[in-house]
Amino acid sequence: MAEHPAYPVGLRLSGRRVVVLGGGQVAQRRLPALIAAGADIVLVSPEATPSVEAMADAGEITWVRRGYEDGDLAEAWYALIATSDPAANTAASAEAERHRVWCVRSDDADQATAWTPATGHSEGVTVAVLTTHARGRDPRHTAAIRDAVVEGLRDGTLVAPHHRTRTPGVALVGGGPGDPDLITVRGRRLLAEADVVIADRLGPRDLLAELPPHVEVIDAAKIPYGRYMAQEAINHALVEHAKQGKAVVRLKGGDPFVFGRGMEEVQALAEAGIPCTVVPGISSSISVPGAAGIPVTHRGVAHEFTVVSGHVAPDDERSLVDWPSLAKLTGTLVVLMGVDKIGKIAETLVAHGRPPATPVALVQEGTTAAQRRVDATLATVAETVRAEDVKPPAVIVIGEVVRVGPAPSA
Ligand SMILES: C[S@@+](CC[C@H](N)C(=O)[O-])C[C@H]1O[C@@H](n2cnc3c(N)ncnc32)[C@H](O)[C@@H]1O
């Protein structure tokens, strides 16, 4: 058997009985895919790992709590033999052969009649990698090939064009805080498929350099306003490019809906009848503090965090923020776009009850190579920002959570 290459096939197991012998680590690893395939799974094993037990408790598998007995495989379409008892595995394997049930063996690939490929998924396709012959099997190598293919498809370094017609339209993609690794898998894939990318200053700029030369990259800040306001000009550009049948990605920093004016773009696209997909992103409001060693919540310290825009001062009539109420809360305050106004903000918080010694951290250009953290208190922050020349973009964290992590090195 081992002299011939394995014949790859995809089993459609929905509603069909699959028998799993042994409830250990192998079963734990394989069961989720069998459950996802809709198989009618019977696990035969005196013991099971807590995760496997949880699958039985959830009704995802039927657990027969005993060792293997002859006849267990009679009704099966497929079997996974993975007990810790070699004699039981051999006996079960022989029974599978008798009943013509394809079976995988965790202890002896040579004796198995089926092998489990290393699998991964990308855009509705399953990538399955099998060793050709039993001799020379190298599961790590097959897993590495699987990873290379799946990762390559996800990050666009492997390009497999779609032959079905692409839906033109706009994808509003949250690019995360700046580190190119912190965009979502879906965002990165859409970027790899884009004809036009309209990008903000903030966000993963490095990803733009990786785009193929035919992709038109437009800096949103440089779109001429003409007769429009800046945001209207961006909306107009999105609509016009999409109308030309192009796949447009609107790449935004963080999450599109956290002080990102994302919904204005969604509305403009809806009015123009252009399809729009929204891809959430990792917001700087949580990730930038985290990257600087500050958790926005911590047990026994902060049970809430509030994300606030500091782009207008508390005494500015355009401000929609109730700073006096925020001053009375004891949890974490995360201020975005607040570097210029932090003096007024700190003053207002103290005037309405926050202790002047409340710790404050400013994290500038978080998650990028230029990340910098500056610590202060509400009493000292205005002076510290001046003395340390803290510049936007920065996330400002106010509250005791600033002190819970290990002392910052910078
Ligand atoms: C217009 S808001 C957009 C926020 C974005 N939508 C998000 O979810 O992160 C821009 C503000 O986000 C914060 N910000 C975004 N990226 C940052 C980063 N890498 N480091 C520090 N602050 C950042 C700064 O406060 C900046 O002024």
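Keep in mind it's a predicted model, so treat the numbers as computed, not measured.

J.: Looking at this model, I keep getting lost on the overall build of the protein chain. Mind explaining?
T.: Counting secondary structure elements, the protein chain contains twelve helices and 17 strands. The C-alpha atoms of the protein chain give 28 Å as radius of gyration, which overshoots the globular expectation for 410 residues (22 Å, by more than 25%). Of all 410 residues assigned to the protein chain, the portion counted as buried reaches 36%. In the protein chain, the proportion of contacts linking residues at least 24 apart, taken out of those at least 6 apart, comes to 65%.

J.: What am I meant to see in the packing of helix H11 (residues 342–351) against helix H12 (residues 381–388) here?
T.: Axes are the key here: two packed helices are described by the angle between their axes and the distance separating the axes. Remark: H11 packs on H12, axes separated minimally by 8 Å, with the N-to-C direction vectors making an angle of 160°. Between H11 and H12, the angle is such that the two are roughly antiparallel. Two packed elements cross with a definite hand, and for H11 against H12 that hand is right-handed. When H11 is examined against H12, the residues Ile342, Gly343 and Ala346 are found in contact with a partner set consisting of Val381, Ala382 and Val385. Looking at the contact of H11 with H12, its residues break down into five nonpolar, one polar and no charged.

J.: Sorry, what's going on with the domain arrangement of the protein chain here?
T.: Reports of interface size often rely on the accessible area that becomes lost once the parts have come together. Under the domain assignment used here, the protein chain contains domain 1 (17–116), domain 2 (169–279) and domain 3 (285–403). On a C-alpha basis, the centroid separation for the pair domain 1 and domain 2 is 48 Å.

J.: Sorry, what's going on with the pairing of strand S1 (residues 17–21) here?
T.: Counting buried positions over the five residues of S1 gives four, a clear majority of the element. Once you follow S1 into helix H1 (residues 25–36) and on to strand S2 (residues 40–44), the crossover reads as right-handed. Pairing between S1 and strand S4 (residues 78–81): four bridges, direction parallel. Directly across from Val18, in S4, lies its bridge partner Tyr78.

J.: Any chance you could explain the site of the ligand here in plain terms?
T.: Residues in close proximity to the ligand total 24 residues, the closest being Gly254, Val258, Ser283, Ser284 and Gly366. Listed by contribution, the elements that provide at least two residues to the shell around the ligand are helix H9 (284–291) and strand S17 (394–398). Broken down by element, the residue count for the shell around the ligand peaks at three residues, all from H9. For the shell around the ligand, the per-class residue count stands at twelve nonpolar, ten polar and two charged. If you count residues domain by domain, the shell around the ligand takes at least three from each of domain 2 (169–279) and domain 3 (285–403).

J.: I would appreciate a short explanation of the sheet that holds S4 in the present structure.
T.: The pairing of strands in a sheet comes from backbone hydrogen bonds and takes either a parallel or an antiparallel form. Reading across from one edge, S3-S2-S1-S4-S5 is the order of the five strands in this open sheet, with parallel pairing throughout. What marks the edges here is a single partner per strand, and that holds for strand S3 (62–64) and strand S5 (102–105). Taken over all neighbouring pairs, the strand axes of this sheet differ in orientation by 20° on average, direction set aside. Sheet topology places S2 next to S3; three bridges connect them, and they run parallel. Bridge assignment links Val42 to a residue of S3, and that residue is Thr62. The sheet contacts of H1 involve S1, S2 and S4, and relative to S2 the element is tilted by about 160°.

J.: Explanation requested: the sheet that holds strand S16 (residues 372–377) in the structure shown.
T.: Strand order across the open sheet formed by five strands is S13-S14-S17-S15-S16, with mixed pairing between neighbours. The strands lining the two open edges of the sheet, one partner per strand, are strand S13 (305–309) and S16. For this sheet, the mean angle separating the axes of adjacent strands, direction not counted, is 20°. Sheet strands touched by H12: strand S15 (359–364) and S16. Its angle to S16, the strand with the most contacts, is close to 145°.

J.: Help me out: how do you make sense of the UniProt feature "active site" (unreviewed entry) in the protein chain in this one?
T.: Mapped onto this numbering, the UniProt entry annotates "active site" (unreviewed entry) at Asp200 and Lys222. A compact arrangement is adopted by the annotated residues: their sequence extent is 23 residues, whereas the largest C-alpha distance between any two is 9.7 Å. According to the C-beta neighbour criterion, Asp200 is partly exposed, with 19 such atoms within 10 Å. On the secondary structure map, Lys222 appears in the loop between strand S10 (216–219) and helix H7 (230–243).

J.: What is the right way to read the nonpolar core from this model?
T.: Soluble, globular proteins show a tendency: their nonpolar side chains are buried together. If you look at the biggest cluster of nonpolar residues, it comprises 34 residues, and the most contacted ones within it are Val360, Leu362, Ile396 and Val397. Secondary structure elements with two or more residues in this core: H9, helix H10 (323–328), strand S14 (332–336), H11, S15, S16, H12 and S17. Sorting elements by how many residues they give to this core places S17 first, with five residues. With sequence-adjacent residues up to four places away left out, Leu362 is seen in contact with Val374, Val385, Val390, Ala394 and Ile396. Core analysis: the next-biggest nonpolar cluster, separate from the first, contains 30 residues, Leu34, Val52, Ala79 and Val101 among them.

J.: Is there a simple way to explain unusual backbone geometry in this structure?
T.: Trans peptide bonds make up the majority, and among non-glycine residues the majority have a negative phi. Of note, the amide linkage connecting Pro392 to Pro393 takes the cis form, showing an omega dihedral of 0°. Considering the arrangement of structural elements, one finds Pro393 in the loop between H12 and S17. If you check the backbone angles, Arg261 has positive phi at about 60° while not being a glycine. Position of Arg261 among the secondary structure elements: in the loop between strand S11 (247–252) and helix H8 (262–271). Phi angles above zero are rare outside glycine, and Glu365 is one such case at about 45°. With respect to the helices and strands, Glu365 occurs in the loop between S15 and S16.

Reading the values: the criteria
- Residues numbered from 1 in each chain as written.
- Predicted model: local features only at pLDDT ≥ 70, side-chain atom pairs only at ≥ 80, totals over all residues.
- Helix = DSSP H or I, 4+ residues; strand = E, 2+ residues; numbered from the N terminus.
- Rg over C-alpha atoms; globule rule 2.2 N^0.38 Å.
- Buried ≥ 20, exposed ≤ 12 C-beta atoms within 10 Å, placed from the backbone.
- Contact = placed C-beta atoms within 7 Å.
- Axes fitted to C-alpha atoms, helices over the stretch in contact; angles between N-to-C directions.
- Parallel < 35°, antiparallel > 145°, perpendicular 65-115°, else oblique.
- Left-handed = near helix turned anticlockwise from the far one by under 90°.
- Nonpolar A, V, L, I, M, F, W, Y, C, P; charged D, E, K, R; others polar.
- Domains from an automatic or database assignment.
- Right-handed = clockwise from strand over helix to strand, strands pointing away.
- Pairing = 2+ DSSP bridges.
- Near = placed C-beta within 6 Å.
- UniProt positions renumbered as here; feature names shortened; annotations may be inferred.
- Core = buried A, V, L, I, M, F, W, Y, C linked by C-beta atoms within 7 Å.

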